[in-house]
Amino acid sequence: MEKVLGVIDAISEWTGKLSSFLIAILTLVICYDIIVRYVFSSPTAWGYDVTYMIYGVYAMLGMAYCDKMKGHVRMDLIYSNLSERGKAWMDAICYLILFFPALIVITYKCGDHSIWALLAGERSSGSVWRPYLGPFKLLITFGFLLLILQGVAGFLRSLATALKEGRRIS
Amino acid sequence: AQDKVIKWKVQGFVPAGMLFHETLVRTANLVKEVTGGRLIWEVYPAGALVPPFEGLKAVSDGVYDVNYSYTGQWVGKIPVAPLFTAAPGGLNVVDMQMWLEYGGGKQLFQEMYDKYGYNVKVFLGAPISMEIFLWSKKPLRTLKDFKGLKLRMMPVMGDVLTKNGLPVVFMPAGEIIPNLQRGVIDAAEYSIPAFDKSLGIWQVCKYLQVPGIHQPASQTEFIVNKKSYEALPADLKVLLDAAIWKSRLEDWLWMEAKNLEAMDFFKEKGITIVQMDPETVRTFTKWAQDYLDERGAKDEFFGKVWNSQKAFGKKWYPYSKMFTLPH
Amino acid sequence: MSPELTTILMFLSLLVLLTGFPLAFGIASMGILFGYLTGGNAFLYMIPQRVINGTLSEYILAAVPLFIFMGVSISSSGVAERSFIVLQRWMSSIRGGLAIATITLAIVFAACVGVVGASVTAIGILAIPAMQKARYADSLATGVVCAGGTLGILIPPSIMLILYAPIAGVSVVDMYAGAVVPGLLLGILYIVYVILRTKFNPEMGPSLPKEMGLKFFSRESLVQGFKYLAPPVLLVILVMGSLFLGIASPTEAGAVGSVGAIALGFIYRTITWQSFKNDCYLTLRITAMIIFIAIAASLFTGAFLNAGCGQVITDVLLGLGLGRWGIFIAVLIIVLILGCFIDWIGILLIMVPIFAPILTTLKFDPLWVGLVVCTSLQVSFLSPPFAYSIFYAKAITPKTPLTDIYRGVMPFVAIQLLVTMLCIIFPALCLWLPNLLSQG
Ligand code: NA
Ligand code: NA
């Protein structure tokens, strides 16, 4: 099982690290857009769409990574006073009640919607560029899938810690 | 089942303080009145249930029952949709009503939603006459005033201008006024006078350009989820239709009166109304029509709608000109 | 389930946050649960609409990662730390000097960004480590960052004012002008509070030992000041300049700032491939955390509105049979209570459309009402349990117990309530600047 968990961690970590560079790309894209608009008075048709698409994909592909790095904020009023095993029990139960059901519903519905967008040839509706939205939406769904995968790892780990007497699994 | 009250959720396309929210509330009141309280529209402002540009898909999916909007919002989902709000360089508000009722427009409208697989039934709401073309910080009379201008314009006119060497900027509606104020853009298409008055765009732009080539009319629509509609008893279907018809005429004229007020208000505030050079207006109109011809040649259904409007115009324009006095 | 019961149960459901499970998941789960119970399958179709087409396609939210990237880059170049040291040495005789500098920075930053996620995190990244190093009390350090950062959404540019204006049918231009004075007043009172608090509790914001102080008018002071303060000042000028000269929109200004921050790294030769990578990783982690909270809040708010809970609250409001001022105060109290449970967008979309016309018929000036409401909404970012600013601060300094942060922000909440009251008693605080500008 250790091995499987390690693979999941690695997937989260590497998708996160790779997509983290999108912020630098977003910065450059916006600066380019500003320059051609302000200096050359010839704004790009794609500036608006590319900006929110990079932002959306970037944020979503970081979800699993953030979870792996324990970056999602917790309200620790009670939690911080629990023992390691207490925390593990709490987490394992919460994964079952507060994580998997919601995340599976969100992912399923987003996936369903993305496939519709792809098949219907849905395009962006504001700017004159009007790119296809299907691929963008599928990438977002992919981000949710990665998060669920990381959640599986988190759940198994919590469960192992909770069940193991005295010893912690790393 | 006679006394069972049916409740429908209805979302509009503007925030609650705006004119088109008031028309929605007025329609909802009419529906209640005409049906004797048997059909109730619970009104939600834009974005309360789903983002405004998603109303079509949401109603089709059954997230809620009715969406009040204009078809320009569906341009990403159905390329021809904006022509049912207005075609740039096309039909005026009265022309549009005639085309919809007696030029085959209404049938094409429903055909469009069916063809693209949306599970909705369309009802026509109030139209309103031409929009203001642009708000700007300097007067825009002739084509050369547009060169190098940082301009915000929505589809389809945005496509027309871009294609003819006047690239447009796109930004969220809410950021337009602050960006005009700070000079990120020089001019922007906004809306009808009554709408523009309340949001204060006149505080940052001293010039407004007419005529609104990009949007000679604005037709609104109510799209109803087909399942919700079919579930209505037969008499309620008739009453619903009657209520919406009443609101269509009442709200149209009511908004025109508001527009009149707003234009007086702008004059009072020292806004200069720039009547654009006729040659430039002709050029923009020609660009728009050529663009629509081109799109129509590539996309069959697009062509069907545009040609239907053109054909009706050919019959209608000479007649309406002949029977109008030169005031 | 009746809307009344749903309203109460949804508020209570936020108790699941006490489990200590990541709160974004908890809030999303409760949103979906109640959405499904009250709206059935139809609600499930709303999920992709609010998640993908709403939050994740929101152009204005792109400012969040951009400004965080800027903050992270400045921080890792060491510029922030050194400039805070200079400031601290200048103000060595003043207790709480760093906290005062942080609030000042927050006010300036608020004029550059329009979303809280960007301002609280960027300022937190810069200032919290500096204050912790100077052995400030965690409660004061985080309180200052939360309260100061929240000004980002009141002082223009502001997504909140942009959203409020059309909902209440008032001018965005007037809202922008009107929010300046309440925003600055809040900032000034935060500083006054820090001065008083550290006077009575010196250990909360210790001053430097005398020998480390730096006389303001001295050669060393000028050299140090120029060397370490010029770069951040230039950066602020760059960002604000690009905004006020109409070169960049508020979202784009974040990109301008990030380029500037990276340029500083090159000038100071502190940037390395490794440090750049780490900045990217950290930016992503914080962004993901913020955006998931936004997604969760949107689902929760969507379920709340879809179930007709907004109407329940109005009915209660109008059923009280209060007078003109009674209704006004009741509206504010409802805004404050809702602020503890749902996000401010939900409050704007549902409450404002209901009460704005009522208050206008009662002859209250709609612009003034808007500014009072937006000022009071500052509280919603700090009022537990659902408090955006606190969550963001907690993410930056994970080791600080949430209780400390809650304790730290309470005095600032009191100041926010005070300023809201001042705006009610002296409408000129809100209306003076818009009136002045509209005459000019
Ligand atoms: Na701001
Ligand atoms: Na709150």
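For clarity, every value in this text was computed on a predicted model and none was experimentally measured.

1. Comments concerning the overall build of chain B
Scanning chain B from terminus to terminus reveals eleven helices and eleven strands. Taken against the 2.2 N^0.38 rule, which gives 20 Å for 327 residues, the C-alpha radius of gyration of chain B at 20 Å falls within 12% of a compact globule. Counting the 327 residues in chain B, one finds 62% classified as buried. Of all intrachain contacts in chain B linking residues separated by at least 6 positions in sequence, the fraction that spans at least 24 positions is 78%. A total of about 12600 Å² of accessible surface is found on chain B, and carbon and sulfur atoms cover 57% of it. Averaging the locations of the 39 positively and 35 negatively charged side chains of chain B gives two centres separated by 2 Å.

2. Looking at unusual backbone geometry
At the junction of Pro155 of chain B and Val156 of chain B, the peptide bond is cis and its omega measures out at 5 degrees in the coordinates. The residue Val156 of chain B is located in the loop between strand S6 (151-152) and helix H5 (157-163) in this model. The omega torsion of the bond from Pro156 of chain C to Pro157 of chain C falls at 0 degrees, within 30 degrees of zero and hence cis. Tracing the backbone shows Pro157 of chain C in the loop between helix H7 (138-150) and helix H8 (159-168).

3. Describing the coordination of the sodium ion (ligand 1)
Residue and element names in this part refer to chain C. At this site the sodium ion (ligand 1) is bound by Ala110 (O), Val113 (O), Gly152 (O), Ile155 (O) and Pro157 (O), with donor distances of 2.2 to 2.3 Å. Written as a sequence motif, the donor arrangement for the sodium ion (ligand 1) is A-x2-V-x38-G-x2-I-x1-P. With Val113 in the loop between helix H5 (97-110) and helix H6 (116-133) and Gly152 in the loop between H7 and H8, this residue pair connects regions lying 39 residues apart in the sequence. Exposure class is identical for Val113 and Gly152. Each is buried.

4. Observations regarding the interface of chain B and chain A
Facing the 23 residues of chain B at the interface are 18 residues of chain A. Where chain B abuts chain A, roughly 1700 Å² becomes buried across the two surfaces, and 62% of that area is made up of carbon and sulfur atoms. Lys77 of chain B is paired through a salt bridge with Glu122 of chain A; the nearest N and O atoms lie 3.0 Å apart. There are four residue pairs in polar contact (both at pLDDT 80 or more) connecting chain B and chain A. Sorting the residues of the side of chain B that touches chain A by element identifies H5, strand S7 (168-169) and helix H10 (278-298) of chain B as the ones contributing at least two each.

5. Some details on a nonpolar patch on the surface
All names here are of chain A. A surface patch of nonpolar side chains, amounting to about 500 Å² of accessible area, comprises Trp89, Ile93, Leu96, Ile97 and Leu163. With four residues, helix H5 (residues 84-120) is the largest single contributor of residues to the nonpolar patch. When its relative accessible area of 37% is taken as the criterion, Trp89 is described as partly exposed.

6. Focus on the environment of Leu436 of chain C
Residue and element names in this part refer to chain C. As for its position among the elements, Leu436 is in helix H19 (residues 428-439). Overall, Leu436 belongs to the partly exposed group, its relative accessible area being 42%. Through-space distance from the C-alpha of Leu436 to that of Ala177 is 9.4 Å; in sequence the pair is 259 residues apart.

7. Looking at the confidence of the model for chain B
For chain B, the mean per-residue pLDDT works out to 94, and 99% of the residues sit at or above 70. Both scores are given for the predicted complex: the pTM is 0.93, the ipTM 0.94.

8. Some points on the pattern of salt bridges
Within the structure shown, the criterion is met by 25 salt bridges over all chains. One salt bridge in this structure joins Asp76 of chain A and Lys394 of chain C, with 2.6 Å as the shortest N-O distance. Taken together, the positions of Asp76 of chain A in the loop between helix H4 (63-68) and H5 and Lys394 of chain C in helix H17 (residues 388-396) put the pair across two chains. Note on accessibility: Asp76 of chain A and Lys394 of chain C belong to one class, buried. Each of Glu122 and Lys137 of chain A together with Glu54 and Lys77 of chain B takes part in salt bridges that share partners, so that together they form one network.

9. Examining the environment of Leu22 of chain A
Residues and elements named next belong to chain A. Tracing the chain through its elements places Leu22 in helix H2 (residues 22-38). For the pair formed by Leu22 and Val57, sequence separation is 35 residues and the distance between their alpha carbons is 8.9 Å. Every residue in contact with Leu22, bar those within four places of it in the chain, is listed here: Ile54, Val57 and Tyr58.

10. Examining the interface of chain C and chain A
Across the boundary between the two partners, chain C contributes 65 residues, which contact 59 residues of chain A. At the boundary of chain C with chain A, total buried surface from both sides reaches about 5500 Å², with 79% on carbon and sulfur atoms. Of all residues in chain C, the largest losses of buried area upon contact with chain A belong to Phe21, Tyr281 and Leu284 of chain C, amounting jointly to 13% of the total for that side. Taken together, chain C and chain A are joined by two salt bridges. Listed by contribution, the elements that provide at least two residues to the side of chain C that touches chain A are helix H2 (23-54), helix H3 (63-76), helix H11 (250-267), helix H12 (273-306), H17 and helix H18 (402-425) of chain C. In terms of residue count, H12 of chain C provides more of the side of chain C that touches chain A than any other element does, 15 residues in total. For the side of chain C that touches chain A, the class distribution of residues is 45 nonpolar, 15 polar and five charged.

11. Here's the deal with the packing of aromatic side chains
The final tally for this structure, using the stated rule, is 57 aromatic pairs over all chains. Arranged with centres 5.9 Å apart and planes meeting at 40 degrees, the rings of Phe20 of chain B and Phe195 of chain B form a pair that is tilted. One end of the pair, Phe20 of chain B, is in helix H1 (residues 19-34); the other, Phe195 of chain B, is in helix H7 (residues 193-199), and 175 residues separate them in sequence. Using a relative accessible area of 11% as the deciding quantity, one classes Phe195 of chain B as buried. It is Lys17 of chain A that lies over the ring of Trp14 of chain A; its NZ or CZ is 5.6 Å from the centre. Directly above the aromatic system of Tyr45 of chain C lies the positively charged group of Lys109 of chain A, at a separation of 3.8 Å from the ring centroid.

12. Here's the deal with the sheet that holds strand S1 (residues 6-11) of chain B
Residues and elements named next belong to chain B. What the five strands build is an open sheet, ordered S2-S1-S3-S10-S4; its pairing is mixed. In the strand order of this sheet, the two ends are held by strand S2 (39-44) and strand S4 (120-129), each with one partner. Across this sheet, the average inter-strand angle for adjacent strands is 25 degrees, counted without regard to direction. The sheet contact formed by S1 and strand S3 (residues 66-69) spans two bridges and is parallel. Residue pairing across strands places Val10 opposite Val66, the latter belonging to S3. Sitting on the sheet, helix H9 (residues 234-268) is in contact with S1, S2, S4 and strand S10 (217-225), with an inclination near 20 degrees to S4.

13. Some details on the packing of helix H13 (residues 309-319) of chain C against helix H15 (residues 344-361) of chain C
Residue and element names in this part refer to chain C. It is at 9 Å that the axes of H13 and H15 come closest, and there the two elements cross at 30 degrees. Between H13 and H15, the interaxial angle falls into the category roughly parallel. The two elements H13 and H15 meet at a crossing, and its hand is right-handed. Mapping the contact onto sequence places Gly310, Ile313, Thr314 and Leu318 in H13 and Ile350, Met351, Ile354 and Ile358 in H15. The residue inventory of the contact of H13 with H15, partitioned by class, reads six nonpolar, two polar and no charged.

14. A look at the sheet that holds strand S5 (residues 134-136) of chain B
Residue and element names in this part refer to chain B. Here we have six strands laid out as an open sheet, ordered S7-S6-S8-S5-S9-S11, and mixed in their pairing. With partners counted over all chains shown, the strands left at the sheet margins are S7 and strand S11 (272-275), one partner each. The pairing of S5 with strand S9 (residues 207-210) spans three bridges and is classified as antiparallel. Along S9, the bridge assignment pairs Trp135 with Leu208.

15. Considerations on the side chain of Ser127 of chain A
Among the secondary structure elements, Ser127 of chain A is positioned in the loop between H5 and helix H6 (134-163). For Ser127 of chain A, a relative accessible area of 1% gives the class buried. Polar contacts involving the side chain of Ser127 of chain A include one to the side chain of Asp49 of chain A, which spans 2.3 Å. At a separation of 3.3 Å, a polar atom in the side chain of Ser127 of chain A contacts the main-chain amide nitrogen of Trp129 of chain A. For Ser127 of chain A, the residues in contact, after removing those within four places along its chain, are Ala45 and Asp49 of chain A together with Pro155 and Phe170 of chain B.

16. Observations regarding the nonpolar core
Counting 319 residues, the largest nonpolar core has Trp41 and Tyr113 of chain B as its most contacted members. No other element matches the 15 residues that H12 of chain C contributes to this core. Ignoring any residue separated from it by four or fewer positions in sequence, one finds Trp41 of chain B in contact with Trp8, Val10, Leu24, Thr27, Ala28, Val31, Val66, Phe222, Leu240 and Ile244 of chain B. One finds Val50 and Tyr58 of chain A together with Leu66 and Val256 of chain C within the second-largest nonpolar core, a separate group that totals 21 residues.

The rules we used
Residues numbered from 1 in each chain as written. Chains lettered and ligands numbered in written order. Predicted model: local features only at pLDDT ≥ 70, side-chain atom pairs only at ≥ 80, totals over all residues. Heavy atoms only, no water. Helix = DSSP H or I, 4+ residues; strand = E, 2+ residues; numbered from the N terminus. Rg over C-alpha atoms; globule rule 2.2 N^0.38 Å. Buried < 20%, exposed > 50% of the residue type's maximum accessible area, 1.4 Å probe, protein only. Contact = heavy atoms within 4.5 Å. Areas by Shrake-Rupley, 256 points an atom, 1.4 Å probe, with all protein chains shown as cover. Lys, Arg positive; Asp, Glu negative; His and termini not counted. Charge placed at Lys NZ, Arg CZ, Asp CG, Glu CD. Donors = N, O, S within 2.8 Å, 3.2 Å for Na, K, Ca; no water. Buried area = accessible area lost by both parts, 1.4 Å probe. Salt bridge = Lys/Arg side-chain N within 4 Å of Asp/Glu carboxyl O. Polar contact = N/O pair within 3.5 Å; in protein donor to acceptor, adjacent residues only side chain to side chain. Patch = residues over 30% accessible without salt bridge, like charges linked within 9 Å, V, L, I, M, F, W, Y side chains within 5 Å. pLDDT = per-residue confidence, 0-100. Nonpolar A, V, L, I, M, F, W, Y, C, P; charged D, E, K, R; others polar. Phe/Tyr/Trp six-rings, centres within 6.5 Å; stacked < 30°, edge-to-face > 60°. Lys NZ or Arg CZ within 6 Å of the ring centre and 35° of its normal. Pairing = 2+ DSSP bridges. Axes fitted to C-alpha atoms, helices over the stretch in contact; angles between N-to-C directions. Parallel < 35°, antiparallel > 145°, perpendicular 65-115°, else oblique. Left-handed = near helix turned anticlockwise from the far one by under 90°. Core = buried A, V, L, I, M, F, W, Y, C linked by side-chain atoms within 4.5 Å.

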